[in-house]
Amino acid sequence: MTTELFARSRTSVRRPVTIRAVQGALRRDEVLYEIALGEPTSFGIVVTRATARTVRLPARKAILAHADALVSAARGGTDISSEAKALGATLLTGLRELSSHRRLIISAEGTMQQVPFELLEPSSSRRLLETHVVSYTPSASKRPSLA
């Protein structure tokens, strides 16, 4: 038997959200970082209350290699320092908003959702968990699975 809620969720249409609407929903100290993986280039979409821009990132394959190495090391209980620095350098080097915003909202797709971004180290030697409040939101890139 299908419930009304399930029936509505299967037929609901996702409406696009404007950058201005996202900006209006953000706090002054928040930055949203959407990671859109692709080949040969991936992109980071960086949104604050006042600005929105894109950052060019390496190819999907390169990012996922770093991400998989970090997740494997963390799950295996081994030292993750080198993996956290490598992925942090790959994803966060161009994210200058980190210096002025203390709350980072990550929006990532697929296996990137398994990455503990709090453990990443930007250019400094401190992990994000020591300097920022990190939270997560579903990716705008992919429609969630109903299965």
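Structural data are supplied above this passage.
Because the structure is predicted, anything quoted here is derived from the model rather than measured.

1. Quick notes on the environment of His 101
Okay, so step 1: On the secondary structure map, His 101 appears in the loop between α4 (81–92) and β4 (103–108).
Okay, so step 2: With 71 residues separating them in the primary sequence, His 101 and Glu 30 have C-alpha atoms 5.6 Å apart.

2. Focus: unusual backbone geometry
Okay, so step 1: Here the residue pair Glu 39 and Pro 40 is connected by a cis peptide bond, since its omega of 5 degrees sits within 30 degrees of zero.
Okay, so step 2: Inspection of the secondary structure assignment puts Pro 40 in the loop between β1 (30–36) and β2 (42–47).

3. Focus on the pairing of β2
Okay, so step 1: Sheet topology places β1 next to β2; five bridges connect them, and they run antiparallel. Opposite Glu 34, over in β2, you have Ile 45 as the bridge partner.
Okay, so step 2: Between β1 and β2, which pair antiparallel and follow one another directly, the connecting turn spans five residues.

4. Considering the sheet that holds β4
Okay, so step 1: Reading across the sheet, the five strands line up as β3-β2-β1-β4-β5 and stay open at both edges, with mixed pairing between neighbours. Each of the sheet's edge strands pairs with one partner strand only, and the pair in question is β3 (52–57) and β5 (133–138). Strand-to-strand twist in this sheet, taken as the mean axis angle between neighbours without regard to direction, amounts to 25 degrees.

5. Some words on helix α3 (residues 60–76)
Okay, so step 1: The end-to-end C-alpha distance of α3 is 24 Å, a good match for the 24 Å that 17 residues give at a rise of 1.5 Å each.
Okay, so step 2: Restricting attention to buried positions, one finds in α3 the residues Ile 63, Leu 64, Ala 67, Leu 70, Val 71 and Ala 73.
Okay, so step 3: Tucked inside the fold, the buried residues of α3 contact β2, β3 and α4.
Okay, so step 4: Downstream of α3 by a residue or two, Gly 77 has a phi angle that is positive, lying close to 75 degrees.

6. Some points on the nonpolar core
Okay, so step 1: By size, the foremost hydrophobic cluster in this structure holds 30 residues, and its most contacted members are Tyr 33, Leu 91, Met 112 and Phe 117.
Okay, so step 2: Listing elements by their share of this core, those giving two or more residues are β1, β3, α3, α4 and β4.
Okay, so step 3: No other element matches α3, which puts six residues into this core.
Okay, so step 4: For Leu 91, the residues in contact, after removing those within four places along its chain, are Tyr 33, Ile 35, Leu 57, Ile 63, Met 112, Phe 117 and Leu 120.

7. What about the pattern of salt bridges?
Okay, so step 1: The tally for this structure, following the rule as stated, stands at five salt bridges.
Okay, so step 2: Measuring nitrogen to oxygen at the nearest pair gives 2.7 Å for the salt bridge that ties Arg 53 to Glu 97. Placement of Arg 53 in strand β3 and of Glu 97 in the loop between α4 and β4 is noted, with a sequence separation of 44 residues between them.
Okay, so step 3: The class of Glu 97 is buried, set by a relative accessible area of 7%.
Okay, so step 4: Taking the shortest distance from any N to any O, the salt bridge between Arg 127 and Glu 121 comes out at 3.6 Å.
Okay, so step 5: Residue classification places Arg 127 among the partly exposed residues on the basis of a relative accessible area of 21%.

8. Some points on the environment of His 132
Okay, so step 1: Examined against the element boundaries, His 132 turns out to sit in the loop between α5 (128–131) and β5.
Okay, so step 2: For His 132, a relative accessible area of 11% puts it in the buried group.
Okay, so step 3: Sequence separation of His 132 and Leu 98 is 34 residues, and the distance between their C-alpha atoms is 8.3 Å.
Okay, so step 4: Residues within four places of His 132 in sequence aside, it is in contact with Leu 98, His 101, Arg 102 and Arg 103.
Okay, so step 5: Within the local environment of His 132, its side chain forms a polar contact with the backbone oxygen of Leu 98, the two atoms lying 2.9 Å apart.

About the thresholds
Residues numbered from 1 in each chain as written. Predicted model: local features only at pLDDT ≥ 70, side-chain atom pairs only at ≥ 80, totals over all residues. Heavy atoms only, no water. Helix = DSSP H or I, 4+ residues; strand = E, 2+ residues; numbered from the N terminus. Pairing = 2+ DSSP bridges. Axes fitted to C-alpha atoms, helices over the stretch in contact; angles between N-to-C directions. Expected span 1.5 Å × (residues − 1). Buried < 20%, exposed > 50% of the residue type's maximum accessible area, 1.4 Å probe, protein only. Contact = heavy atoms within 4.5 Å. Core = buried A, V, L, I, M, F, W, Y, C linked by side-chain atoms within 4.5 Å. Salt bridge = Lys/Arg side-chain N within 4 Å of Asp/Glu carboxyl O. Polar contact = N/O pair within 3.5 Å; in protein donor to acceptor, adjacent residues only side chain to side chain.

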